[in-house]
Amino acid sequence: MKTILVDAVNTFVIKDFGVFNEMYKMLEKYQNRKIILTNANDEQIKLFGLDNLPYELFTLKHNPEKTDNKYYRKVLEYFNLNAKDVVYFEHNMEAVKSAQSLGIITYHYNKDKKDLISLEKFIKENI
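The following paragraphs examine the structure supplied in this document. (Residues numbered from 1 in each chain as written. Predicted model: local features only at pLDDT ≥ 70, side-chain atom pairs only at ≥ 80, totals over all residues. Heavy atoms only, no water.)

## Re the environment of Gln-100
- Summarising the element assignment, Gln-100 is placed in helix 4 (residues 93-100).
- For Gln-100, a relative accessible area of 40% gives the class partly exposed.
- Along the sequence, Gln-100 and Ala-83 sit 17 residues apart, while their C-alpha atoms lie 9.1 Å from each other.
- Separated by 3.2 Å, the side chain of Gln-100 and the backbone oxygen of Thr-106 make a polar contact. (Helix = DSSP H or I, 4+ residues; strand = E, 2+ residues; numbered from the N terminus. Buried < 20%, exposed > 50% of the residue type's maximum accessible area, 1.4 Å probe, protein only. Polar contact = N/O pair within 3.5 Å; in protein donor to acceptor, adjacent residues only side chain to side chain.)

So this is what it looks like as structure tokens:
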């Protein structure tokens, strides 16, 4: 069963509002493991409320940034996963390209449109 990697800030967590409830409800339809990916440091974790999420949280505290594919290599290594074992959605296009460069099936999530129908279609087709 594939693991669903979920971008944190501006995707799963909306500043000043907390967890994007509709996305959470959609993700809960799947029994797959979910891991929230961020690069927040300790201060940002508190600021965005990332210390109280329903899923595991992974951060490298900006070392390296998610736009560097070393970030995703470290994610996969840390959780003992291969690129084929995961699907990922992310709002930052440069981070999307970075993950894709390692063979991770990645969806660019438009944080302004909040199109959960297309996101769920992506998940269904790729898990």
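Following the structure, the description resumes.
## Describing the environment of Asn-10
- The residue Asn-10 is located in the loop between strand 1 (3-7) and strand 2 (13-14) in this model.
- For Asn-10, a relative accessible area of 33% puts it in the partly exposed group.
- Distance from Asn-10 to Asp-115, taken between C-alpha atoms, is 13 Å for residues 105 residues apart in sequence.
- In this structure Asn-10 touches His-91, Tyr-109 and Lys-111, once residues within four positions along its chain are discounted. (Contact = heavy atoms within 4.5 Å.)

## Brief notes about the side chain of Lys-66
- For Lys-66, the location among the structural elements is in the loop between strand 5 (56-59) and helix 3 (69-78).
- Reaching out from Lys-66, the side chain makes a polar contact with the side chain of Asp-7 at a distance of 2.7 Å.
- One polar contact links the side chain of Lys-66 to the main-chain carbonyl oxygen of Leu-37, over a distance of 3.3 Å.
- If we skip the residues at most four places from it in the chain, Lys-66 touches Asp-7, Leu-37, Thr-38, Asn-39, Tyr-71, Tyr-72, Tyr-88, Glu-90, Ala-95 and Ser-98.

## Some words on the layout of surface pockets
- Put simply, the largest pocket is a space of about 280 Å³.
- Among the residues making up the lining of the largest pocket, the classes are represented as five nonpolar, eight polar and four charged. (1 Å grid on protein atoms, 1.4 Å probe; cavity = no way out; pocket = protein on both sides within 12 Å on 5 of 7 lines; lining within 4 Å. Points joined across faces, edges and corners; volume = space filled by probe spheres on them. Nonpolar A, V, L, I, M, F, W, Y, C, P; charged D, E, K, R; others polar.)

## Side note on helix 5 (residues 116-126)
- Within helix 5, burial applies to Leu-116, Leu-119, Glu-120, Phe-122, Ile-123 and Asn-126. An end-on view of helix 5 places all buried positions within 155° of arc, on one side of the element. Turned more than 90 degrees away from the buried face of helix 5 sit Ile-117, Lys-121, Lys-124 and Glu-125, all of them exposed.
- On its buried face, helix 5 is in contact with strand 1, helix 1 (21-27), strand 6 (86-90) and strand 7 (105-108).
- In this structure Asp-115 caps helix 5, since a side-chain oxygen of it lies 3.2 Å from the backbone nitrogen of Ile-117. (Arc of directions from axis to C-beta.)

## Quick word on unusual backbone geometry
- Note the cis peptide between Asn-63 and Pro-64, where omega equals 5°.
- Locating Pro-64 in the fold gives a position in the loop between strand 5 and helix 3.
- Residues other than glycine seldom take positive phi values, yet Lys-61 does so here, at roughly 50°.
- Positionally, Lys-61 belongs in the loop between strand 5 and helix 3.
- On the accessibility criterion, Lys-61 (41% relative accessible area) is partly exposed.
- The phi angle at Lys-114 is positive, at roughly 50°, despite the residue not being glycine.
- One can find Lys-114 in the loop between strand 7 and helix 5.

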